[in-house]
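Examining the three-dimensional arrangement
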Amino acid sequence: MRPSLDASLSAKATFLRILLWTVFLAFGLRLFYLQVLQGNTYRTLSENNYTRTIVLRSPRGMLLDRNGKVLCRNRVSFSLVMDTAKGGSIDDTIAAMKRILEFRIARSEVDAALHRSPVASLAVLARDVPPSWLQKIEAHQQELSMLRIEMELRRDYPFGLYAGHALGYVGLLSPEDAEKLKIKEKDPFIEVGKAGVEKAANVRLMGKNGVRTAQVNSLGREVEDPKLRLPGVGLVEEPVSGKPLTLNLDMDLQTIVENGFAGETGSAVFMKPNTGEILAWVSVPEFNPNLFSKAVSASDWQALMEDPGKPLLNRPIQGAYPPGSTFKPFVALVGLQEGILTASTVFSCGGVWEYGGHAFHCWSKGHGAIDMLTAIQNSCNIYFYHAGDRVGIERLDKWGTLFGLGRKTGVDLPGETTGVLGSPAWKKARGLGPWYPGETLPISIGQGYLTVTPLQLLSFYSTLATGGVRYRPRIVSGPPEVLSTVDVSPEALAVVKEGLWRVVNGGGTGKGCQIPGYDVCAKTGTAQVVEASSGKNTYSLEKGERDHAWIAGFAPRNDPSVAFVVMVEHGGHGGDVGARIAKAGLEYLFLGKKPGEVAGPPAPLPSQSPPTAAPEVPTDLPPEPPPPEDQPVPEGIPASPATEQGNPTGVAP
Amino acid sequence: MKDALKAFWADGDHLTTLLLLGLLVAGSVMVRSATFGTKFAGLAPRQTAWCFVAVAVYFVAVLVPYDIWLEYSYILYGLCVVVLLAVMILGHSVAGSRSWLILGPVGFQPSELAKFASALAGAGYIKDLSHKVIGFREFSILSAIVALPMVLTLLQPDFGTATTFLPIILAAFYLSRMTLGQILKWAAMALVGLVVLFVLGWFTFFKPYQKERIVTFLNPSTNIRGAGYQVHQARIAVGSGELTGKGLYSGTQNRLSFLPAPHTDFVFGVVSEETGFLGAISLLLVFLALLSRFLSTLLLARDLEGRYLVCCAFSVVLYHLFINVGMVLGLVPTTGIPLPFISYGGSSLIGLTLFVGMAANVRAHRFVR
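In this text the structure is predicted, and so the values were computed from the model without any measurement.

Helices and strands together make up the secondary structure of chain B, namely 16 helices and 3 strands. By residue count, 50% of the 369 residues in chain B fall in the buried class. Residue pairs in contact within chain B that sit at least 24 positions apart in sequence constitute 74% of those at least 6 positions apart.

What follows is the structure, encoded as structure tokens:
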């Protein structure tokens, strides 16, 4: 017999059935909502979980010299990155880093790194960290979950200091760079050239980063699992390497010339006059571009910026100096060209010339009656005061402009300054009043309202060598580029060349760079720094007050294959230290004299020593060197960033 | 034995048997997928072995008529209480809870078995009642039978498992006939008991980490970050399964460790991700069929102790489902309670199989002889 089913039990069972169906209906609806209605959204979320975009960094192009020597290559470097998107406490991570990695970093530094990163959640905490950190971070995954080590490619300059100003250096992309270069990519390790060829040829050198999509697990570790191979994962956009760049530099010559300075300050450029190829580019004191490739600390940067020797100044194009006597051949050339002077024009030098109530001195007590060639050979001031006075400032200005004096040369390096070629129009434009005839006289001997960059002067001598064709000076190899052709008569040129030949080979001031059989033509110059130096032996003065020494020229006379300029700040007479440096370079080019046979053996540094522990915290650096003022002419006196020039001799105000 | 088999063939609850077998197969497969390629991969064959044990246990539970089971219920209950006490002293500690009894290669949580034993003992107590009515006195005694092993489990401390004793008390309450006054009186007694126990425990034998666990349990928001992450990832796992799922062994949330505890508490996330809406709904329908079967058995049972056993089975299984699936779907807070028959774990599997077996037993022996 079945027990009687009391009504209450039946009702209770019905209630339970309703309860049961309610629960399952809720589950079913919830599943339907999550999986069918919102399924797409959650699929995307799950894909975001396991896919990580990995940047395949493209190497920057190598830099090679004209003989294929490696001037710059890439090295593998490890960097410490904090990813705040991982979740976790930044302060705890800082404490854990101090304990586990023995790496100290302040919270403010982390915040600053986050602030300057192009990816808001990524902070580059340190670069060039020891590879052992990789294992340490793996081993302490729990505490250091926000950290990871990323591999990047850094620049390595095997020659170190040598040719640093030509090569330049790179630095992390700043927001300003990104805007200027139109780089939209979000990667905290994009490096761009900040100076030199690295900056000028940045687009060619840079290449393009690739992209790879990786499948990662919840720890962010990459997982290879054939069962989980999903569309989109592993997709590769190949990185495009930057193009290697061959430079016109000859590192053997570069090393010889650079070593020739032996502690002096100054600059030198060697160039092929018929193509504009720059063979050597020296600016001393040097800086080591590898310093920027490591993490430059704020203090290192400060030291570089405040160094009184201004190592970051690219002297051949950023230093503007009075050319001194190296300007005299120009005055002669203009006089000849305009038919005002001839080779046989004679002026008398008595050691001093009274003009407009001022005494204009020669360096000598008097050359007597002197013709043009002898005047060039002996660098007679009085002759050229007269010559300049005859020619006049207008013609000097006209021809100076044609030869590119006081103008940018158009060299393929950034940051070039113009210098000053004074003229009545120039003076008027600056509200400095009318031109006095007495102001033409100092210009005639390369002083006064006249400053040139060493490269401008080289360009002028190179144009003399080519007979009027001006080529764009180029560091990066490529086809020659004619800037302009100056219409100079061969007769006038022949006279000036004869004068320059005599300077070196006729017992003149440039005999120090004489090379038998190679007919070196050159002119020395001594640019006065302090008025007091006039009439005094410059070597008796303090180093900082001594004259700047110049020598510029070309060789061989009949078929010039090289033009050169050497400028030694406070070097005394150009015929001494300048000629010695120039000769070292010329001997290598003509006689093949190798470094060991010339000065000291300047064995190029094979490679920088690998980075050691104690990585430095990167700062916002390196910024670019301070841009030179376009017209550095305070108060009407041509000044240069590198000289503290006094009032030139006898300038009548 | 032959007669018993014959009787089972004639009157047995074959639907429940089939549903249970389906769940066991599903559980084996899901645990295998959830542990595939991980350090837990060895658990999959163990789970399968447990499933075979469960089948054997099920048939033992079904073939022996339940009135015979009830004759031994007090002995079984007493044994379980003794073992629980022993575990408190000698037990193996996992994650701060002394709840494991290790016998050679096999680990077992006696609390899961004690849960069944307390339901069985309750039914035995009802069987001996002359008036067959669960009033205030009877309900209080039934509650006490459940409370003893529950408190011992609470002291391990294993709060999640301890709460799974509650549906048995609910079952007793549901079958009882009491006035509102009696219900309130019972509630007051239970409250006082709990408070006394808690205060006693707090100041005598709770260790600091145990107190910490209690605080975390009572106030889950103290660990909201971790829990919130788990719930979020579980929801992604479920949703990204879409209609048809990503395929077995191919769930990215599961296989790439985004889903927490995929082979235990969050196994329903693996089911949803890898078999999709269709798979998850199918599994729920199996559970729905099983529980509906219990409800129909409730009406068919020949006596009150039978009804009590079925009601306990219904209540316990539904409670597990509600908490576990609700947690994975983000409808109830996170608590470590397994999905019956699917989550990895032998103790829970055997304990719940016994409940199902006893419900089938009641149905098989529904006719009054």
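Back to the text.
A tally of helices and strands in chain A yields 22 helices and 23 strands. By sequence separation, contacts in chain A at least 24 residues apart represent 75% of the contacts at least 6 residues apart.

This brings us to the packing of helix α14 (residues 328–337) of chain A against helix α16 (residues 381–391) of chain A. All names here are of chain A. Running from N to C, α14 and α16 point in directions that differ by 45°, and their axes come no closer than 10 Å. What the angle tells us is that α14 and α16 run oblique. The two elements α14 and α16 cross, and the hand of that crossing is left-handed. The segment α14 lies against α16, with Lys328, Val331, Ala332, Val334 and Gly335 engaging Phe384, Ala387, Gly388, Arg390 and Val391. Partitioning the contact of α14 with α16 into residue classes produces 6 nonpolar, 2 polar and 2 charged.

Within the open sheet, the 3 strands sit side by side as β1-β8-β9 (chain A). Their pairing is antiparallel. The two strands at the open ends of the sheet, each matched to only one other strand, are β1 (51–56) and β9 (236–237) of chain A.

Before going further, it helps to examine the interface of chain A and chain B. Contacts between the two partners involve 36 residues from chain A, matched on the other side by 38 residues from chain B. Sorting elements by how many residues they give to the side of chain A that touches chain B places helix α1 (residues 7–37) of chain A first, with 17 residues.

We now examine the pairing of strand β21 (residues 521–527) of chain A. All names here are of chain A. Counting buried positions along β21 yields 7 of 7 residues, so the element is predominantly enclosed. Burial of the side chains of β21 extends over both faces: Cys521, Lys523, Gly525 and Ala527 are buried on one face and Ala522, Thr524 and Thr526 on the other. Here 7 bridges tie β21 to strand β22 (residues 548–555), and the two strands are oriented antiparallel to one another. Considered in β22, the bridge of Gly525 is made with Trp550.

Residue and element names in this part refer to chain A. Here 2 bridges tie strand β2 (residues 63–64) to strand β3 (residues 70–83), and the two strands are oriented antiparallel to one another. Of the residues in β3, the one forming a bridge with Leu63 is Cys72. Here β2 folds back onto β3 in antiparallel fashion, the turn holding 5 residues, of which Gly68 has a positive phi close to 85°. In this sheet, strand β5 (residues 147–156) lies alongside β3 in antiparallel orientation, the contact comprising 10 bridges.

Moving on to α14(A). Across the 10 residues that make up α14(A), a large majority, 10, are buried. For α14(A), the complete set of buried residues consists of Lys328(A), Pro329(A), Phe330(A), Val331(A), Ala332(A), Leu333(A), Val334(A), Gly335(A), Leu336(A) and Gln337(A).

Here the focus is the packing of helix α9 (residues 166–175) of chain B against helix α15 (residues 304–328) of chain B. All names here are of chain B. Close contact between α9 and α15 brings their axes to 8 Å; oriented N to C, the two are set at 135°. Taken together, the axis directions place α9 and α15 in an arrangement best described as oblique. The interaxial crossing formed by α9 with α15 has right-handed handedness. Here α9 contributes Pro167, Ile168, Leu170, Ala171, Ala172, Tyr174 and Leu175 to the contact with α15, which in turn contributes Arg307, Tyr308, Cys311, Cys312, Ser315, Val316 and Tyr319. Residue composition of the contact of α9 with α15, by class: 12 nonpolar, 1 polar and 1 charged.

Residue and element names in this part refer to chain A. Along the chain, Trp281 falls in strand β12 (residues 278–284). Put simply, Trp281 and Asp250 are 31 residues apart on the chain and 9.5 Å apart in space, counted from C-alpha to C-alpha. With residues near it in sequence (within four places) discarded, Trp281 still touches Ala163, His165, Ala166, Leu249, Val269, Pro316 and Ile475.

It is worth spelling out the sheet that holds strand β23 (residues 562–569) of chain A at this point. Residues and elements named next belong to chain A. Strand order in the open sheet made by the 5 strands is β12-β11-β23-β22-β21, with antiparallel pairing throughout. This sheet does not close on itself; its edge strands, each paired only once, are β12 and β21. Within the sheet, the average angular offset between the axes of one strand and its neighbour, ignoring direction, is 5°. Pairing of strand β11 (residues 265–271) with β23 involves 7 bridges; the strand directions are antiparallel. Looking at the pairing, Gly266 lines up with Val568 of β23.

Turning our eyes to something else, we now look at the confidence of the model for chain B. Summary statistics for chain B give a mean pLDDT of 89 and a share of 91% for residues scoring 70 or more. Model confidence for the complex is summarised by a pTM of 0.70, with the ipTM given as 0.93.

Here the focus is the confidence of the model for chain A. Residues shown with low pLDDT carry predicted positions that ought not to be read at fine detail. Residues and elements named next belong to chain A. Averaged over every residue, the pLDDT of chain A is 84; residues scoring 70 or more account for 85%. Put simply, helix α12 (residues 298–306) is where chain A has its lowest mean pLDDT, 75, and strand β19 (residues 469–471) is where it has its highest, 97. Counting interchain partners and residues more than four positions distant, the pLDDT-below-50 stretch residues 531–535 has 12 contacts. Residue range residues 598–653 is modelled with pLDDT below 50. Its contacts to residues more than four positions away, or to other chains, number 139 contacts.

Here we take up unusual backbone geometry. Residue and element names in this part refer to chain A. Cis geometry marks the peptide bond from Val284 to Pro285; its omega dihedral reads 5°. Note on placement: Pro285 falls in the loop between β12 and α11 (289–293). Even without being a glycine, Glu102 presents a positive backbone phi close to 55°. Residue placement: Glu102 occurs in the loop between α3 (90–101) and α4 (107–116). Of note in this structure, Lys182 is not a glycine but carries a positive phi near 55°. Among the structural elements, Lys182 can be located in the loop between α7 (175–181) and β7 (191–195).

Here is what the cut-offs are and how they apply
- Residues numbered from 1 in each chain as written.
- Chains lettered and ligands numbered in written order.
- Predicted model: local features only at pLDDT ≥ 70, side-chain atom pairs only at ≥ 80, totals over all residues.
- Helix = DSSP H or I, 4+ residues; strand = E, 2+ residues; numbered from the N terminus.
- Buried ≥ 20, exposed ≤ 12 C-beta atoms within 10 Å, placed from the backbone.
- Contact = placed C-beta atoms within 7 Å.
- Axes fitted to C-alpha atoms, helices over the stretch in contact; angles between N-to-C directions.
- Parallel < 35°, antiparallel > 145°, perpendicular 65-115°, else oblique.
- Left-handed = near helix turned anticlockwise from the far one by under 90°.
- Nonpolar A, V, L, I, M, F, W, Y, C, P; charged D, E, K, R; others polar.
- Pairing = 2+ DSSP bridges.
- pLDDT = per-residue confidence, 0-100.

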